Amino acid sequence: MSISPPRSAAPPDSLLDSLALSPALKALARQSVLRRYRKGVLLIQEGDVGDTIYLLLSGRVRVYSSGQSQGSGSHERQITFGLHGPGEMVGEMSLDGGPRATSVITTEATSAGVFTRSLLLEHMRLHPELALELLMRVIARARSATRDARNMALLDSYGRLSMLLDELAEPTADGIRPIDARLTHSEIASRIGCSREMVSRLLKDLERGGYIDQAGQRLTLRRPLPLRW
């Protein structure tokens, strides 16, 4: 369920100025409609056809795909392609007019500037530099998807877990690296393609070894993770 302001309400300049947005993207955001969503709201459904695009202003969303696993005990499984936060855009793949390739759900209270495909296309016509910016964003996500596919094929569960934790951890002067995102074991499992039980066991082993601290859904890397486990 979403809590939305009047349709004419645009994101306030104070909110936009707090984000590292390019001038062209900030100009587009000023023409969007500010919407606020609670945790657990499905913004985009995989397979649907739609032209709504979201520029995230606060909070976080998860981009994922789901399907039925094979075998006698088949059940729905999900794979997470990424978590996105303020300053990032989701839904821009609708520019080709095709069905949605992934689903997007809020993982915490989130606000976004919402606009349509036609508005984005018109804005790119007036601001050609925005087209290049979007292209670079798509290339970055394609590189990330290629890397994840390679890791899924060539690395074991621990190798994929350690690469994910290293990628998410923030560097600090004292070498202790916190992970800002709150991640459940199930979310980690969907990102690295293994079971939640395997993730729980690996994290517990790393905690016993003094490599990480776990406090609820917060993880902190205390020292470099071993190459193998």
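Residues numbered from 1 in each chain as written. Predicted model: local features only at pLDDT ≥ 70, side-chain atom pairs only at ≥ 80, totals over all residues. Heavy atoms only, no water.

Draft legend 1. Up close: the overall build of the protein. Looking only at helices and strands, one finds 7 helices and 12 strands in the protein. A compact globule built from 229 residues should have a C-alpha radius of gyration of about 17 Å, and the protein, at 19 Å, falls within 12% of that. Across the 229 residues that make up the protein, the buried fraction comes to 41%. Across the protein, every contact between residues at least 6 apart in sequence was considered, and the portion connecting residues at least 24 apart equals 68%. On the protein, roughly 12500 Å² of surface is accessible, and the fraction owed to carbon and sulfur atoms is 54%. Charge centroids of the protein, computed over 30 positive and 25 negative side chains, lie 3 Å from each other. (Helix = DSSP H or I, 4+ residues; strand = E, 2+ residues; numbered from the N terminus. Rg over C-alpha atoms; globule rule 2.2 N^0.38 Å. Buried < 20%, exposed > 50% of the residue type's maximum accessible area, 1.4 Å probe, protein only. Contact = heavy atoms within 4.5 Å. Areas by Shrake-Rupley, 256 points an atom, 1.4 Å probe, with all protein chains shown as cover. Lys, Arg positive; Asp, Glu negative; His and termini not counted. Charge placed at Lys NZ, Arg CZ, Asp CG, Glu CD.)

Draft legend 2. Representation of the nonpolar core in the model. Of all hydrophobic cores here, the largest spans 23 residues; its most connected members are Leu161, Leu165, Ile188, Leu203, Ile212 and Leu225. Put simply, the parts of the chain that give this core at least two residues each are helix H5 (157-168), helix H6 (185-192), helix H7 (196-208) and strand E12 (218-221). In terms of residue count, H5 provides more of this core than any other element does, 5 residues in total. When residues no more than four places from it in sequence are discounted, the contact partners of Leu225 are Tyr158, Ser162, Leu165, Asp166, Leu206, Tyr211 and Ile212. Grouped together as the second largest cluster of nonpolar side chains are 17 residues, Leu25, Leu34, Phe115 and Leu130 included. (Core = buried A, V, L, I, M, F, W, Y, C linked by side-chain atoms within 4.5 Å.)

Draft legend 3. Spatial organisation of the pattern of salt bridges. Summed over all chains, the structure comprises 15 salt bridges. Residue Asp205 pairs with Arg208 through a salt bridge whose shortest N-O separation is 3.0 Å. Residue Asp205 and its partner Arg208 are located together in helix H7, separated by 3 residues, close to a single helical turn. Classification of Asp205 by relative accessible area gives buried; the value is 19%. (Salt bridge = Lys/Arg side-chain N within 4 Å of Asp/Glu carboxyl O.)

Draft legend 4. Expanded view of H6. Along H6, 6 of the 8 residues are buried, which leaves the element largely enclosed by surrounding structure. Those residues of H6 lying buried are Glu187, Ile188, Ala189, Ser190, Arg191 and Ile192. Phi for Gly193, located one or two positions after H6, is positive at around 75°.

Draft legend 5. Main features of the side chain of Arg160. By secondary structure assignment, the location of Arg160 is in helix H5. In this structure Arg160 is buried but unpaired, with Asp156 as the nearest side chain of opposite charge at 6.3 Å. Excluding anything up to four places from it in sequence, Arg160 contacts Asn151, Met152, Leu155, Ile192, Gly193 and Cys194.

Draft legend 6. Looking closely at the environment of Ala215. Looking at the secondary structure, you find Ala215 in strand E11 (residues 212-215). Between the alpha carbons of Ala215 and Met163 there is a distance of 20 Å; along the sequence they are 52 residues apart.

Draft legend 7. Up close: a nonpolar patch on the surface. The grouping of Leu132, Leu135, Met136 and Ile139 at the surface amounts to a nonpolar patch, some 370 Å² of accessible area in total. With respect to the helices and strands, Ile139 occurs in helix H4 (residues 128-154). (Patch = residues over 30% accessible without salt bridge, like charges linked within 9 Å, V, L, I, M, F, W, Y side chains within 5 Å.)

Draft legend 8. How the structure looks around the pairing of strand E9 (residues 110-116). By the criterion of burial, E9 is predominantly enclosed, with 6 of the 7 residues buried. Both strand E4 (residues 52-58) and E9 contribute to a ladder of 6 bridges, which runs antiparallel. Looking at E9, one finds that Ile53 is bridged to Phe115. (Pairing = 2+ DSSP bridges.)

Draft legend 9. Spotlight on the sheet that holds strand E10 (residues 177-179). Read from one edge to the other, the open sheet built from 3 strands follows the order E10-E12-E11, with strand pairing classed as antiparallel. Only two strands of the sheet have a single neighbouring strand rather than two, namely E10 and E11. The average undirected angle you get between the axes of adjacent strands in this sheet is 20°. In the sheet, E10 pairs with E12 via 3 bridges, with the strands oriented antiparallel. (Axes fitted to C-alpha atoms, helices over the stretch in contact; angles between N-to-C directions.)

So, to be careful, I would describe these as geometric facts and stop short of saying anything about function.
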